[in-house]
Amino acid sequence: MDEQHYDVLIIGAGVSGIGMACHLKKSCPHKRFAILERRQSLGGTWDLFRYPGIRSDSDMFTFGYKFRPWSGGKVLADGASIKQYLAKTAREKGVDKHIHYGLAVKEANWSSEDKCWKLIAENAETGELETWTTNFLVGCTGYYDYDQGYMPDFPGEADFKGQIVHPQHWPEHLDYTGKKVVVIGSGATAITLVPTMAEDAGHVTMLQRSPSYLMPLPSTDEITLALQKVLPAKLSYKLTRSRNLFISRQLYKRSRKSPRAMRRLLLWIVKRELKGKVDMRHFTPNYNPWDQRLCVVKDGDLFKALKAGRASIKTDHIDRFTETGIRLRSGEELAADIIIPATGLNLQILGGIKPTLDGQDVVIKEKVLYKSVMVEGVPNAGVIIGYTNASWTLKVDIACKYLCRLINYMDNQQYKVATPEGAEGCRSEGTMMDSLGAGYVKRAADELPRQGTRGPWRTVQDYQRDSKVLCSDAIDDGYLAFQ
Ligand SMILES: Cc1cc2nc3c(=O)[nH]c(=O)nc-3n(C[C@H](O)[C@H](O)[C@H](O)COP(=O)(O)OP(=O)(O)OC[C@H]3O[C@@H](n4cnc5c(N)ncnc54)[C@H](O)[C@@H]3O)c2cc1C
């Protein structure tokens, strides 16, 4: 076995891992670090997902890192552009050469005696197991299982003679020109796929069990383009970012405070788009705004495809798959050459790694998070999970800043170990993601840490509050045990 030691090891080279590495380079320049990534390329989500039209649902001026402007006027960016932005950031900040590809971390054990983590990683090329050790571990593995998307058991699935394609496993050369396509789902992926595929397919039907809240958004921001002409890049980015942050916060806060008023507004916007050509029943959810993620419709493309008759929408339940398509509970049959179950993700944190402390399992579902960035009772380890009610990256930036502050504080005080402690009596029954009622969160209730009831144990989805807690509050707050 080949053993290598680093001051900091980061697992994952997506938005979070690249962000953490950039922060380390700037704020902890003397630390030796490496990123272990199981894929052969960086980008994470933006490397894995290749379905037609794949794009951000968040505006890029808050999805981009605070420290590196997202340039141009594109508000919603395609997957390839986001991956390119990440690759350029990694290159410019000199973190690309720290990435070790094709290494899937399988085990992580903390040794109290050695005061360090020992990782076992499988080399994809050779199949051999490698040992890596580190003083501080940062899990940047995202929030879902890369190997398998969520696929419910559809009765009669084996009878279907056409193709079934999951968006997470999109074949490189899928030809759907002129074909009849049924997309199952009503989340961001379905909302993106339907209008994009409708451009070339014979017809696309969106089949949903229940509607989602939709909001049309222009893909280009003319004000930002104008600002970029007269202001330095950093300043115009800062201004656009602050404005978009303000708007998205207000939207979320209003939705929580006055759900009925917000519901009326969102439904009115969609009604205006549809101009009476599609039944509003398909766009009227049975939950409140932001109980589940709001879906953005780029330049109203979904509404245009529906109005033009290139796509249609059904709200019904599946009775069974048949040889030629899908039979609905209403008795209606949907003919299909291709069925796309845009049915979501299997939630997973820590990339399937089951951490241990001196050989004892850490049971994540019994733990709460400290400042939503460390796990109760787990020494010298950060875990970066972004926001689900705002751009993921907003949280990444401040979580990375906090971990760098902690690492520097430990150095200055000559501490070797920091462990969040004292969460007794602060665990609730719900999970840390319980503010989101989405199916994938409910399915994963046994995988996720609990929600804390107070203090640093409570995970809030609030950038302003978290910014203070993570970037300004004292490191030594009485909840971290130092050695
Ligand atoms: C289709 C889709 C669209 C999305 N759109 C948005 C959006 O518009 N706005 C938004 O805020 N969020 C969005 N998200 C959430 C998105 O995942 C985050 O925005 C962000 O990209 C996550 O970055 P990450 O680095 O934390 O995780 P990921 O992008 O998931 O990257 C994790 C990395 O860790 C690696 N890894 C995992 N396990 C291991 C292991 N055991 N060993 C080694 N490496 C490992 C993976 O290979 C991957 O490269 C979207 C998600 C999906 C699936």
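Rules behind the numbers
Residues numbered from 1 in each chain as written. Predicted model: local features only at pLDDT ≥ 70, side-chain atom pairs only at ≥ 80, totals over all residues. Heavy atoms only, no water. Pairing = 2+ DSSP bridges. Helix = DSSP H or I, 4+ residues; strand = E, 2+ residues; numbered from the N terminus. Contact = heavy atoms within 4.5 Å. Core = buried A, V, L, I, M, F, W, Y, C linked by side-chain atoms within 4.5 Å. Buried < 20%, exposed > 50% of the residue type's maximum accessible area, 1.4 Å probe, protein only. 1 Å grid on protein atoms, 1.4 Å probe; cavity = no way out; pocket = protein on both sides within 12 Å on 5 of 7 lines; lining within 4 Å. Points joined across faces, edges and corners; volume = space filled by probe spheres on them. Near = heavy atom within 4 Å. Polar contact = N/O pair within 3.5 Å; in protein donor to acceptor, adjacent residues only side chain to side chain. Areas by Shrake-Rupley, 256 points an atom, 1.4 Å probe, with all protein chains shown as cover. Nonpolar A, V, L, I, M, F, W, Y, C, P; charged D, E, K, R; others polar. Phe/Tyr/Trp six-rings, centres within 6.5 Å; stacked < 30°, edge-to-face > 60°. Axes fitted to C-alpha atoms, helices over the stretch in contact; angles between N-to-C directions. Domains from an automatic or database assignment. Buried area = accessible area lost by both parts, 1.4 Å probe. Salt bridge = Lys/Arg side-chain N within 4 Å of Asp/Glu carboxyl O.

Colleague: Now, about the sheet that holds strand β12 (residues 311–315): what can you tell me, with residues and values included?
Modeller: The 5 strands are arranged β7-β16-β8-β9-β12 in an open sheet whose pairing can be described as parallel. Each edge of the open sheet carries a strand with a single partner, namely β7 (163–164) and β12.

Colleague: For the environment of C400, give the residues involved together with the corresponding values.
Modeller: Looking at the element boundaries, C400 is found in helix α10 (residues 392–413). The spatial distance from the C-alpha of C400 to the C-alpha of M20 is 5.2 Å, given a sequence separation of 380 residues. Dropping the residues within four chain positions of it, C400 is found in contact with S16, G19, M20, H23 and I384.

Colleague: Would you mind going over the nonpolar core in detail, with residue names and values included?
Modeller: Core analysis: the biggest nonpolar cluster contains 143 residues, and I10, M20, L119, F283, Y402 and L406 have the highest contact counts within it. Top element by residues in this core is α10. It accounts for 13 residues. For F283, the residues in contact, after removing those within four places along its chain, are P211, S212, L214, L267, V270, L274, V278, F303, L306 and I313.

Colleague: Go over empty space enclosed by the protein, please, and point to the residues and values.
Modeller: Applying the stated criterion to the full structure yields 4 cavities of 30 Å³ or more. Looking at the largest cavity, its volume works out to about 180 Å³. If you go around the largest cavity, you meet 15 residues; those closest to its centre are L137, L350, P355, A381 and G382. Put simply, the parts of the chain that give the lining of the largest cavity at least two residues each are β6 (129–139) and β21 (381–383). Computed from the structure, the second largest cavity encloses a volume of approximately 60 Å³.

Colleague: Would you mind going over the site of the ligand in detail, with residue names and values included?
Modeller: What surrounds the ligand is a group of 34 residues, the closest being S16, E37, D57, S58 and Y146. For the ligand, an oxygen atom lies 2.6 Å from a polar atom in the side chain of E37. Separating a nitrogen atom of the ligand from a backbone N or O atom of V105 is a distance of 2.9 Å. When the ligand is considered free in solution it has 980 Å² of accessible area, and contact with the protein chains removes 96% of it. Within the residue set of the shell around the ligand, elements represented by two or more residues are α1 (15–27), α2 (45–48) and β4 (103–111). In terms of residue count, β4 provides more of the shell around the ligand than any other element does, 3 residues in total. Tallied by class, residues from the shell around the ligand come to 18 nonpolar, 11 polar and 5 charged.

Colleague: Lay out the packing of aromatic side chains with the relevant residues and their values.
Modeller: Across all of its chains, the model carries 22 aromatic pairs by this definition. Each ring, one from Y65 and one from F67, has its centre 4.8 Å from the other, and the planes form 15°; the classification is stacked. When the centroid spacing of 5.8 Å and the interplanar angle of 90° are considered together, the rings of W457 and Y479 count as edge-to-face. Within this pair, whereas W457 is found in the loop between β24 (450–452) and α12 (463–471), its partner Y479 is found in the loop between α12 and β25 (480–482), the two being separated by 22 residues in sequence. With a relative accessible area of 31%, Y479 lands in the partly exposed category. Taken together, the aromatic side chains of F49, Y51, Y143, Y144, Y146 and W392 make up a single cluster linked through ring pairs.

Colleague: So what about the sheet that holds strand β13 (residues 318–321)? Which residues, and what values?
Modeller: One open sheet holds the 3 strands; their spatial order is β13-β14-β15, and the pairing between them is antiparallel. Of all the strands in the sheet, the pair left with one neighbour each is β13 and β15 (333–335). Taken over all neighbouring pairs, the strand axes of this sheet differ in orientation by 20° on average, direction set aside. Pairing of β13 with strand β14 (residues 325–328) involves 3 bridges; the strand directions are antiparallel. Within β14, the position partnered with I318 by the bridge is L328.

Colleague: Requested: an account of the domain arrangement of the chain, with residues and values cited.
Modeller: Parsing the chain into structural domains produces domain 1 (5–147 + 346–482) and domain 2 (157–341). When each unit is reduced to the centre of its C-alpha atoms, the spacing between domain 1 and domain 2 is 29 Å. Taken together, the contact between domain 1 and domain 2 spans 44 residues of the former and 38 residues of the latter. When the two sides are added together, the surface that domain 1 and domain 2 hide from each other amounts to roughly 3200 Å², 55% of it contributed by carbon and sulfur. By the criterion of area lost to domain 2, the three top residues of domain 1 are Y51, P52 and F61, representing 20% of everything that side buries. Remark: the boundary between domain 1 and domain 2 carries 2 salt bridges. Its salt-bridge partner being D462, residue R249 comes within 2.9 Å of it at the nearest N-O pair. Counting residues per element, the ones that place at least two in the side of domain 1 that touches domain 2 are α3 (60–63), α10 and α12. When its residues are assigned to classes, the side of domain 1 that touches domain 2 shows 21 nonpolar, 12 polar and 11 charged.

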